[in-house]
Amino acid sequence: MFDKQRLGRLRWACRRGMLELDVLFMPFVENGFAQLDDEHQLIFERLLTFDDPDLYAWFMGHLACHDAEIKSMIEHILHRVKV
């Protein structure tokens with residue numbers, strides 16, 4: 001589903017303005033993304049469209065994410081990437 005060009009754009013989108021997010025997204029996209037099914041790859045791609053302050057708050061547990069798919073992806077990434 002993700003051709004080389006689209007995967008390259010996805011990797012670029014994982015480079016955020018916050019180091020805390022970089023250390024979550026970069027290892028995940030390199031080591032866990034390919035194991036996701038098509039539906040979950042699209043959810044991860046959608047996750048990257050959110051603003052850094054929201055992502056930071058959700059990943060650090062400061063705010064609850066009310067989108068069930070995104071919340072599930074956040075939990076999956078946190079479980080998969082040990083920081």
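Everything here concerns the structure above.
What you are looking at is a predicted structure, and each value in this text was computed from that prediction instead of being measured. All residue numbers here refer to positions counted from 1 along the written sequence of the relevant chain. In view of the model being predicted, local features appear only for residues whose pLDDT reaches at least 70, and side-chain atom pairs are presented and counted only at 80 or more, with totals across whole chains, interfaces and linings using the full set of residues. With hydrogens and water excluded, all non-hydrogen atoms of the structure serve as input to the side-chain values.

**Q** In this structure, what is going on with the nonpolar core? I would like to understand it.
**A** If you look at soluble globular proteins, the nonpolar side chains tend to sit buried side by side. What is meant by a nonpolar core is a set of buried Ala, Val, Leu, Ile, Met, Phe, Trp, Tyr and Cys residues, joined one to another through side-chain atoms within 4.5 Å. For every residue, the accessible area obtained with a 1.4 Å probe (protein chains only) is divided by the maximum for its type, and the residue is called buried under 20%, exposed over 50%, and partly exposed between those limits. One finds Phe25, Phe44, Leu47, Phe59 and Ile77 to be the most contacted residues of the largest nonpolar core, which totals 24 residues. Elements represented by at least two residues in this core include exactly α1 (4-14), α2 (19-31), α3 (38-47), α4 (52-59) and α5 (68-80). The helix and strand labels rest on DSSP assignments: H or I over at least four residues marks a helix, E over at least two residues marks a strand, and numbering proceeds from the N terminus. In terms of residues, this core owes the most to one element, α2, which gives 5 residues. Discounting chain neighbours no more than four positions away, the residues touching Phe25 are Cys14, Arg16, Phe44, Leu47, Leu48, Leu55, Phe59 and Ile77. When checking whether two residues touch, look at their non-hydrogen atoms; a contact exists if any pair is within 4.5 Å.

**Q** Looking at this structure, how should I read the state of the cysteines?
**A** Every disulfide links exactly two cysteines, by a covalent bond between their sulfur atoms. Any two cysteine sulfur atoms within 2.5 Å of one another count as a disulfide. Under the criterion given, the structure shown has 0 disulfides. Considering cysteine sulfurs only, Cys65 is the nearest to Cys14, which forms no disulfide, with 17 Å between them. Taking the relative accessible area as the measure of exposure, Cys65 reaches 9% and is therefore buried.

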